[in-house]
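Descriptive analysis of the structure
The primary structure of each chain is shown beneath.
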Amino acid sequence: MLDLSWMAWTWPTAAFFAAVALALVAMTIWEKLRPGGGARRGVLGLHTTRGDRLFISVLGGMILHLAWLGALGPPLWGALGVSALFALAVFRWV
Amino acid sequence: MIRRSANQKAWWLVLPVVALVAFNAVIPLMTVVNYSFQETFGENVFFWEGTKWYLQILQSERFHASLLRQLIFTATVLAIEIPLGIAIALSMPRRGIGVSLCLVLMALPLLIPWNVVGAMWNIFALPEIGLLGRAINALGIEYNFTRQPGAAWFTVILMDVWHWTSLVVLLCYAGLCAIPDAYMQAAKIDGAGNWQVFRHIQLPKLKRVLTIAVLLRFMDSFMIYTEPFVLTGGGPGNATTFLSIDLVKIALGQFDLGPAAAMSLIYFIMILLLCWIFYTLMMRGEER
């Protein structure tokens, strides 16, 4: 058996990476079932595809979590909620 | 609906790259994420710490100071290297033997390994034996980059400009050579001056290569480590301790892997965000 103890896996970090992988798989299935077509112009004037919007959502989510932690400290459930709302807004309007 | 090609075999050609990226980027990144939430004293024994290290880094004055130095350094080298690179590219010959000569001269600094650049400039700028150091002191200006923070900054910036302006020059030169002659002929017929030709023909046509140049120089200068480390070691004091030097001090000097992992992820997110902003702003102009 391959020894991966040096990678220091924990359940929360494994769950995070599983969520990222699931998001990519979900995006692929979504694109197969209902192709998103070319880039669209959103409220910010940016031309984005679905993949761009996922990238903006993930990057924005990471920054929101860091900002929440720096300003308010743990726990981060509030940051998770705000990030989810941010992602919904990005996919809907950006 | 977009009509798609039925042949998807090309994806198999991407597999070697995916495997390579998995080994040299994704797996180390996953490990860093895992370390950033834990404490270790070696022997692969880890203790869960949650967001403690992130909080510690975000509230650390030492991190804020390194970040500020890093931002000032990056802004300064970009402000010098981009205009200087464009100016040199514009003044380079387009035909004749001078072309090869200029291209070789411009490529030379890029061929020198980073640690050699640091060592070279260290000797070059030493006040007692270095040509630069002795020349500045001979002018009556007290200069010692090992003792004066201002002199250390001046030397680090000068070294970076010497090392990397060539990259901007070569990219801009390639962009300028790709402009069809018809544009220049039309400008000549219209009686356009040098500035008007630059402003309305050359600069817009350079937009794509400048986007690449700015992104490359931003990322490289924001992650700079080897040259200032060899030249000043982050000193005098902490005057030239940029983010990557500070990160290595925490990770390898103090062996604080948890805080170092958290810091490297915050660093990574900042680079990702700033690159995205740069890219979006520059491509936005392109789309108009």
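Before any of the text, the structure's been laid out above.
Only a predicted model underlies this, so the values are computations on that prediction, with no experimental measurement involved. (Residues numbered from 1 in each chain as written. Chains lettered and ligands numbered in written order. Predicted model: local features only at pLDDT ≥ 70, side-chain atom pairs only at ≥ 80, totals over all residues. Heavy atoms only, no water.)

**Quick look at the overall build of chain B**
Stated formally: Under the scheme used here, helices are H or I runs from DSSP no shorter than 4 residues and strands are E runs no shorter than 2 residues, and both carry numbers assigned from the N terminus. Exposure classes here rest on a 1.4 Å probe applied to the protein chains alone. A residue is buried below 20% of its type maximum, exposed above 50%, and partly exposed in between. Contacts are assigned to residue pairs with any non-hydrogen atoms lying within 4.5 Å of each other. Note that accessible areas follow from Shrake-Rupley with a 1.4 Å probe, and for residues the cover is restricted to the protein chains shown. Counted charges follow a simple rule, with Lys and Arg positive, Asp and Glu negative, and His plus the chain ends left uncounted. Where a charge sits is defined by one atom per residue type, namely NZ (Lys), CZ (Arg), CG (Asp) or CD (Glu).
Looking only at helices and strands, chain B features 13 helices and two strands. If you line up chain B on its principal axes, its C-alpha atoms span 75 × 75 × 30 Å. Counting over 288 residues, chain B shows a buried share of 42%. Counting contacts in chain B only where the partners sit at least 6 residues apart, residues at least 24 apart contribute 67% of the total. A total of about 16100 Å² of accessible surface is found on chain B, and carbon and sulfur atoms cover 69% of it. For chain B, the distance from the average site of its 19 positive side-chain charges to the average site of its 16 negative ones is 13 Å.

**As for the pattern of salt bridges**
Residue and element names in this part refer to chain A. Which entries qualify depends on this criterion: For salt bridges, the criterion is a side-chain nitrogen of Lys or Arg within 4 Å of an Asp or Glu carboxyl oxygen.
Enumeration according to the criterion identifies six salt bridges over all chains in this entry. E31 serves as the salt-bridge partner of R50, at 3.1 Å between the closest nitrogen and oxygen. Here the residue R50 occupies a position in helix α2 (residues 50–72), and E31 occupies one in helix α1 (residues 11–33), the gap between them amounting to 19 residues. Relative accessible area serves as the criterion here: at 13%, R50 is assigned to the buried category.

**Let's talk about the nonpolar core**
For clarity, the cut-off: As used in this record, nonpolar core signifies buried Ala, Val, Leu, Ile, Met, Phe, Trp, Tyr and Cys residues forming a set joined through side-chain atoms within 4.5 Å.
Residues Y54(B), F63(B), I82(B), F222(B) and L243(B) are the most contacted members of the largest nonpolar core, which totals 54 residues. Among the elements that make up this core, the one with the highest residue count is helix α13 (residues 257–287) of chain B (11 residues). Excluding residues within four positions of it along the chain, Y54(B) makes contact with L66(A), L69(A), S36(B), F37(B), A262(B), L265(B) and I266(B). Membership of the second largest hydrophobic core comes to 21 residues, among which are W121(B), L132(B), I136(B) and F145(B).

**So, the interface of chain A and chain B**
Cut-off, in case you're wondering: Contacts described as polar in this section are N or O atom pairs within 3.5 Å, which, within protein, must combine one atom able to donate a hydrogen with one able to accept it, while residues neighboring in sequence count only if both atoms come from side chains. Note on residue categories: nonpolar means Ala, Val, Leu, Ile, Met, Phe, Trp, Tyr, Cys or Pro, charged means Asp, Glu, Lys or Arg, and polar means any other residue, Gly included.
Taken together, the contact pairs 28 residues of chain A with 27 residues of chain B. Across the contact surface, chain A and chain B share zero salt bridges. At the boundary of chain A with chain B, the tally comes to five residue pairs in polar contact (both at pLDDT 80 or more). The set of elements that each furnish at least two residues to the side of chain A that touches chain B consists of α1 and α2 of chain A. The element contributing the most residues to the side of chain A that touches chain B is α2(A), with eight residues. Looking at the side of chain A that touches chain B, its residues break down into 18 nonpolar, nine polar and one charged.

**Some details on the packing of aromatic side chains**
Residue and element names in this part refer to chain B. Worth spelling out the cut-off: Within 6.5 Å between ring centres, the rings of Phe, Tyr and Trp (the latter by its six-membered ring) count as paired, and their orientation is classed by plane angle as stacked under 30 degrees, edge-to-face over 60, tilted in between.
Scanning the model with the defined rule gives 19 aromatic pairs over all chains in all. Between the aromatic rings of F37 and Y54, the centroid separation amounts to 5.3 Å while the plane-to-plane angle is 45°, which identifies the pairing as tilted. Here Y54 lies in helix α2 (residues 52–58) and F37 lies in the loop between α1 (10–36) and β1 (38–40), a separation of 17 residues in the sequence. Here F222 and Y267 contribute two aromatic rings whose centre-to-centre distance is 5.9 Å and whose plane-to-plane angle is 55°, an arrangement assigned as tilted. Of the two residues, F222 is situated in helix α10 (residues 207–222) and Y267 in helix α13; the sequence distance between them amounts to 45 residues. Taking relative accessible area as the criterion, F222 reaches 0% and is therefore assigned buried.

**Some details on unusual backbone geometry**
With an omega of 0°, the peptide bond running from P74(A) to P75(A) counts as cis. Relative to the helices and strands, P75(A) is located in the loop between α2 and α3 (77–93). In this structure, the amide linkage connecting G235(B) to the following residue, P236(B), adopts the cis form with an omega of 0°. Considering the arrangement of structural elements, one finds P236(B) in the loop between α11 (226–231) and α12 (243–253). The backbone of E43(B) sits at a positive phi, close to 60°, despite the residue not being glycine. Following the sequence through the fold, E43(B) ends up in the loop between β1 and β2 (46–48). Judged by relative accessible area, which is 77%, E43(B) ranks as exposed.

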